Each structure stands twice: as structure tokens, then as C-alpha cells.
Amino acid sequence: RSVEFDRDWNTRGKGYKGNQIGSIVGANFVHKKRGNFNLEGQQFLIGSDYSGLRGAFNGKWYQKGFRAQWDGSYLESRAESKSQFLRHKVDISQDFKWIRIGYKDDHERNAYLGTAVPLARNSYQFWDYQFYLENGDSIKNGFKLFYRERLDLISDSFELRKAAKAQTAGGEVRIKELKNHTINVLGSYRQLKILDETLINQTPENSILGRVDYELRLFKNAFTWNTFYEVGSGLEQKKEFMYVQVNAGQGIYTWIDYNNDGIKDLNEFEIAQYVDQANYIRVFTPSNQYTKTYTNEFNQSLFWRPERIWASKKGLLKVLSTVSDQIRIRINRKTNYFDGINAFNPFATNVRDTNIISTAYDFRNTLYFNRTSSIVSADWTYQHTKNKSLLASGFDSRENEYHEFNFRWNITKMISLEGKSQLGSKLSIADYTTGRNFGIKYHNIKPAFYVQTSTAFRVGLTGRYEEKHNREEFGGESAYVGEIGTNVKFNQAEKGSLQAEFKMISITYNGIQNSALGFEMLESLKPGVNYTWNIGYQRLISKNLQLSLQYNGRKSKDNKMIHSAGMEVRAFF
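Below you will find a few notes about this structure. Keep in mind it's a predicted model, so treat the numbers as computed, not measured.

1. Concerning the overall build of the chain
The helix and strand tally for the chain stands at four helices and 27 strands. Dimensions of the chain, computed from C-alpha atoms along their principal axes, come out at roughly 70 × 70 × 60 Å. A buried classification covers 39% of the 573 residues belonging to the chain. Summing over all exposed atoms, the chain offers an accessible surface of approximately 33,000 Å²; the carbon and sulfur share of this is 55%. The chain carries 78 positive and 61 negative side-chain charges, and their two centres are separated by 8 Å.

Written as C-alpha cells, this is what we have:
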């Protein structure tokens, strides 16, 4: 099924039940050099709840500098009411020597014919079209100029009426002929006009967008540099969210009834630590509330790999070739306060700043030693992430910062030693609900010892010691975690693999267990001695079929033993 299958048939979120029957009859006329014309008639039935008939026409054509691509469809469906859905996309252009002139648009008209009113309020129509002028394919450096309009129509229960109109003009320049350099620059200006304030709860606004994308490669790609920076202004739509229950193990979140009232409050959902807990997903829904925003996005990456040019050298250069470094910065920031140039400063990302509407900040730097060595290697990583989301009822923000050291030493062909250590902090601030604020400082060490008798068999002994302390301003709770475990891995060439792991985890905690902080500190376990284990088996049944079996279990003090198992068969085509 296509990505928008349920939109194509107007079945998204409807919950129709019954046997599904789909049928297609069509003809595709193909010219080997110029393109094709594809025409289809389609039918889709869902029990007695839904019946739809759809005609689709799509294709492409190239001839003497003329280019065309199109995709259109018309749907008539019957369910609790009748709907008519017409949509199309088209891109047409003509080459004239070194320039290309084109037109493209996107149009949808979705009418729900009601019983109480002639036209349901969820009916809509939009037409988004643009004219553009750009260089032809024969020129490496490029440019593009465009003018774009979008007209939105909304139902007033009787007819579709014009609600808003947006006009955008802009240009783009691409430079590729400079040696080792690539530069893209884009700028645009958008004006939104509200044509009927009774139909749309939005204010007219003017917005700008500017973007720079730069890439540099030096020393046979041993040094790479990428920079992306974008600024703009506009309106940010506030979001509401809800948690929806899904099939067991197919979600992301788990529900814990902290106040034992049987009501699924928003502050009672946590990210599941184990598969059997993952029974809910979080679904965002748009609201009719907007706020003025100034946005900026900044992405920066730098990778230094000296082994590409110095690996064969001797002396100091040989030593320097063992040290490499990779830096990545990704920032997306929106604020509702214009304070000059600082409004477009991507590094002003304090999640407690009340002027920041939303932010996503991720800084990661990894310094490698002997990255390509098969005997001894080590790396140090510093990572700092911040996230803040604008909700209709407030804000939700999280921050995580840590230093991590990894070490690997293959003592012999059979024996290896690994170690990992982290020192960091986690911060959670939410004002849309209560009981979710905490600031945890933690440090841990995780040694591992492995014996590999052959390429087919490996056995390991692992351990962990970790301390976690909540800040005094949030309560001052502490947790101490000690863990010891063993794991086994067995591979059969071109047949399959077996993996098994067992852990004993001892936790001391002086806070309230049934809380968001307790869930984070206890890692979904209980104070005292806990046991976890898992077994996974994967086997190739044939060249095209793969069988996977997975079993997980855990036991906490004063709790029943929990078992979770699953089976999956994959077919490769």
C-alpha cells in the first residue's frame, strides 16, 4: 500500500470494520524513450461500512525539451455519508537553450456531503501553484526564481468559501564548480492574507526564509566540513497529544497508574523499558491556536580522518594518524520574542527560557584513538541534547548531558576486555502537568570480559555499578545500582544464530517508587534484587525466509515473574 493509502480512500482514522476487498483494472501505455500514460479504475470495500470507487491517471513525458509529470485521481465513496475527493499534482516545463520555464501545482477538493447539512465542516479545498525559471541541466552552477500562490477554501456547512491566500516569491543559487566547495543559497518572502475570519482562526502575517548550505572536502576527503543554516519567521501551531493503546509490544510508552484512580492521566505515561510494557503510542493532534515565531536551524558536521593520508607515514605523522575526531551539531529553535539578532541565534537554547517556543539541540563530539585498529582502541564522547515542545496546555522539556569513555582491548585472539563509563545529568521540566520535574546526576562504569573460542562461539561476563542523585531542589532522592551478568552468542554460518543473556540487578532507592522519578531511577524495576534474562534465535529457513524467536523474562522482589515471547517470519524478495 502507498504511504497515503488511507487518505486516497478517505478512511484515515474512521475505524471501519469488516473484510477488506480491493480490486484494480488498468492499462499502462509506455514509450521506451519518452515516458508513459497509466490509467486505472479501482474499488475498495470494507465490510458493510465503506464502499469506494476511484479513477487514477498518472504518467510522465519527455520530448524535445518538454517535460511533464502528473498524478491525478477522483474518488466517490459511501460510508456514514457520501464523499467526493478530487486531487492532482502536475509539473510541466520547457527547455530553451540554457534556461527552463516551468509550472507546477498541487490541488485537492474533498467534499463530505452531509445529512444534517449540505456540506460537512471538515470539507476543504486548496490549490497550491507556482511558476519558476531555472537553468538547464547542462550548466553545473544553477539558479532558480519562483512565484507561488496557495488558496485555501473551507466549508461553512453550505459551500466551500475562500478562507486564506498565501503568496511567496524567492530564489535559489547553487555553486558546484569551485574545487572542493559546494554552496547553496536560498531566500524567500511569504505573505498570508485572511479572506474570511469567520472560517479560519489565524492572523495575517508576513514571513521570511533564508538558507545557506555549504560543503568543504580537503586532503582526499580526510577532512570534511558541512554547514547548514536557515532563518525564518511565521506562525507555530500549538499541539495537543493523546496516548493511544496498540497491540502489546508494538508501542513506545507504558501506562503506570501513579495515583491508583484508574484514569489514564497525561503524567502517567513513560517510555517503556521492556517490550511487554510497550502498549501505547503518543499521537499529536493540531489545535486552532497559533503563536508568532522566529525560527532558525543550524546543522554542522566536521570529520577529521588522518589515517586516510598518514597511515603509511612514519614518526610523528604515523602517531597523529591514530587520532581522529567527529563533531556534529544539530539545532532547531523557535522563539516568540524578537530581540534583534539574538532571535536568530541558534545557540540560545536554554529550555527554561519562557520566550523559547520549542527547541531541539544535539551536540556530539567523539575523539577516537586507533579507530581502525583490531587490537586496541578507545574513544571519548561528549553529548548534550535539549528538547522543548509547545503544547496547547503548556511546555514539555528535557535535557541530557554526559561524558562517555569506551575502551576495547583484544588481549589475544580468544580473549578481549571492554569498558564503558559515563558521567552525566538528566533534566525534565514540564508545566502542562505535575509530578514530572526532576534533575538527575549520575555516573556509572560497565566492564565486560569476553572469550571467543571461534568465529561461531562467544561467551561474556558483564557488570555495572551506577549512582544516581536527584537534585536537592527536586527532592534529593538517590539510587545505587549494581549489576552482574553473562551472555552467550553462537553463530552457524549461513544458517542462523543464538543469543542468550542473564543479569542480576541490585537496586537501593530511598524515594517514592510509584512516580515518574521512581520509574526513571529504578529503570522499571524494584528496589532489592532483580533478575532479567532473554533468549533470541534467528534462522534462515531458505534463501528468502528468515525465522526469529525472542523470549524475555524478569523477576523483581515481591512481584510475579513476567514472561514475554514473540515470533517473526520475514520474506525477502
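Now that the structure has been shown, we can carry on.
2. Overview of the nonpolar core
Formed by Phe 438, Ile 440, Ala 479, Val 481, Ile 505, Ile 507, Tyr 509, Leu 517, Met 521, Leu 522 and Leu 525, the largest nonpolar core amounts to eleven residues. Going through the elements one at a time, β21 (438-452), β23 (478-492), β24 (496-509) and α4 (516-522) are the ones with two or more residues in this core. With sequence-adjacent residues up to four places away left out, Ala 479 is seen in contact with Glu 466, Glu 467, Lys 468, Thr 508, Tyr 509 and Met 521. Counting residues in each nonpolar core, the second largest holds eight residues, with Trp 9, Tyr 16, Tyr 50 and Phe 85 among its members.

3. Topic: empty space enclosed by the protein
According to the stated counting rule, one finds one cavity of 30 Å³ or more in the structure shown. Within this model, the largest cavity holds a volume of roughly 60 Å³. Taken together, Trp 9, Asn 10, Lys 14, Tyr 16, Tyr 50, Ser 77, Ala 79, Glu 80, Ser 81, Ser 83 and Tyr 112 form the lining of the largest cavity. The class makeup of the residues in the lining of the largest cavity is five nonpolar, four polar and two charged.

4. Some thoughts on a nonpolar patch on the surface
On the surface, Ile 375, Trp 409, Ile 411, Leu 417, Phe 449, Leu 461, Ile 484, Phe 502, Met 504, Val 529 and Tyr 531 cluster together to form a nonpolar patch covering roughly 910 Å² of accessible area. Only β24 and β25 (528-540) provide two or more residues apiece to the nonpolar patch. As for its placement among the helices and strands, Met 504 is situated in strand β24. Its relative accessible area of 34% is what places Met 504 among the partly exposed residues.

5. A short note on the pattern of salt bridges
Under the defined criterion, the tally for this structure stands at 26 salt bridges. The shortest N-O distance in the salt bridge between Asp 8 and Arg 87 comes to 2.5 Å. Of this pair, Asp 8 sits in helix α1 (residues 5-8) while Arg 87 sits in strand β5 (residues 82-96), and the two are 79 residues apart along the sequence. Grouping residues by exposure puts Asp 8 and Arg 87 together as buried.

6. Things to note about the environment of Phe 438
Turning to its location among the elements, Phe 438 is positioned in strand β21. Under the relative-accessibility criterion, Phe 438 is labelled buried at 5%. A sequence separation of 39 residues divides Phe 438 from Glu 477, and the C-alpha atoms of the two residues are 9.9 Å apart.

7. Side note on the packing of aromatic side chains
Inspection of the entire model under this criterion finds 17 aromatic pairs. Measuring from centroid to centroid gives 6.3 Å for Tyr 129 and Phe 131, while their planes differ by 80°, and the two rings are edge-to-face. By relative accessible area, which is 17% here, Tyr 129 ends up buried. Under the relative-accessibility criterion, Phe 131 is labelled partly exposed at 46%. Joined through ring pairs, the aromatic side chains of Phe 5, Trp 9, Tyr 16, Phe 44 and Tyr 50 make up one cluster. Stacked on the ring of Tyr 361, the Lys or Arg Lys 386 has its end atom at 5.2 Å from the ring centre. Taking NZ or CZ as reference, Lys 426 lies 5.8 Å from the ring centre of Tyr 442, over its face.

8. Quick notes on the environment of Arg 217
Among the structural elements, Arg 217 can be located in strand β11 (residues 205-218). With relative accessibility at 34%, the residue Arg 217 sits in the partly exposed group. In the structure, Arg 217 is positioned 37 residues away from Asn 180 in sequence and 5.1 Å away in space, judged by C-alpha atoms. If sequence neighbours within four positions are ignored, Arg 217 has contacts with Asn 180, Phe 223 and Thr 224. A distance of 2.7 Å separates polar atoms of two side chains, one belonging to Arg 217 and the other to Glu 215.

9. Quick notes on unusual backbone geometry
Unlike most non-glycine residues, Ser 157 shows phi in positive territory, near 85°. Tracing the backbone through its elements, the reader meets Ser 157 in the loop between β8 (142-155) and β9 (160-175). Phi at Glu 523 takes a positive value of approximately 60°, unusual for a residue other than glycine. In this fold, Glu 523 is placed in the loop between α4 and β25. Given a relative accessible area of 16%, Glu 523 falls into the buried group.

10. What to know about the side chain of Gln 167
Positionally, Gln 167 belongs in strand β9. Given the relative accessible area of 18%, Gln 167 is considered buried. The contact partners of Gln 167, leaving out residues within four places of it in the chain, are Tyr 147, Arg 148, Glu 149, Tyr 189, Arg 190, Gln 191 and Lys 193.

11. Description of the side chain of Ser 397
Locating Ser 397 in the fold gives a position in strand β19 (residues 394-410). Take Ser 397: its relative accessible area is 4%, and that puts it in the buried class. Within the structure, the side chain of Ser 397 is placed 2.8 Å from the backbone oxygen of Ile 429, a separation counted as a polar contact.

Quick notes on the rules
Residues numbered from 1 in each chain as written. Predicted model: local features only at pLDDT ≥ 70, side-chain atom pairs only at ≥ 80, totals over all residues. Heavy atoms only, no water. Helix = DSSP H or I, 4+ residues; strand = E, 2+ residues; numbered from the N terminus. Buried < 20%, exposed > 50% of the residue type's maximum accessible area, 1.4 Å probe, protein only. Areas by Shrake-Rupley, 256 points an atom, 1.4 Å probe, with all protein chains shown as cover. Lys, Arg positive; Asp, Glu negative; His and termini not counted. Charge placed at Lys NZ, Arg CZ, Asp CG, Glu CD. Core = buried A, V, L, I, M, F, W, Y, C linked by side-chain atoms within 4.5 Å. Contact = heavy atoms within 4.5 Å. 1 Å grid on protein atoms, 1.4 Å probe; cavity = no way out; pocket = protein on both sides within 12 Å on 5 of 7 lines; lining within 4 Å. Points joined across faces, edges and corners; volume = space filled by probe spheres on them. Nonpolar A, V, L, I, M, F, W, Y, C, P; charged D, E, K, R; others polar. Patch = residues over 30% accessible without salt bridge, like charges linked within 9 Å, V, L, I, M, F, W, Y side chains within 5 Å. Salt bridge = Lys/Arg side-chain N within 4 Å of Asp/Glu carboxyl O. Phe/Tyr/Trp six-rings, centres within 6.5 Å; stacked < 30°, edge-to-face > 60°. Lys NZ or Arg CZ within 6 Å of the ring centre and 35° of its normal. Polar contact = N/O pair within 3.5 Å; in protein donor to acceptor, adjacent residues only side chain to side chain.

These results come straight from atomic positions and should not be treated as a statement about function.
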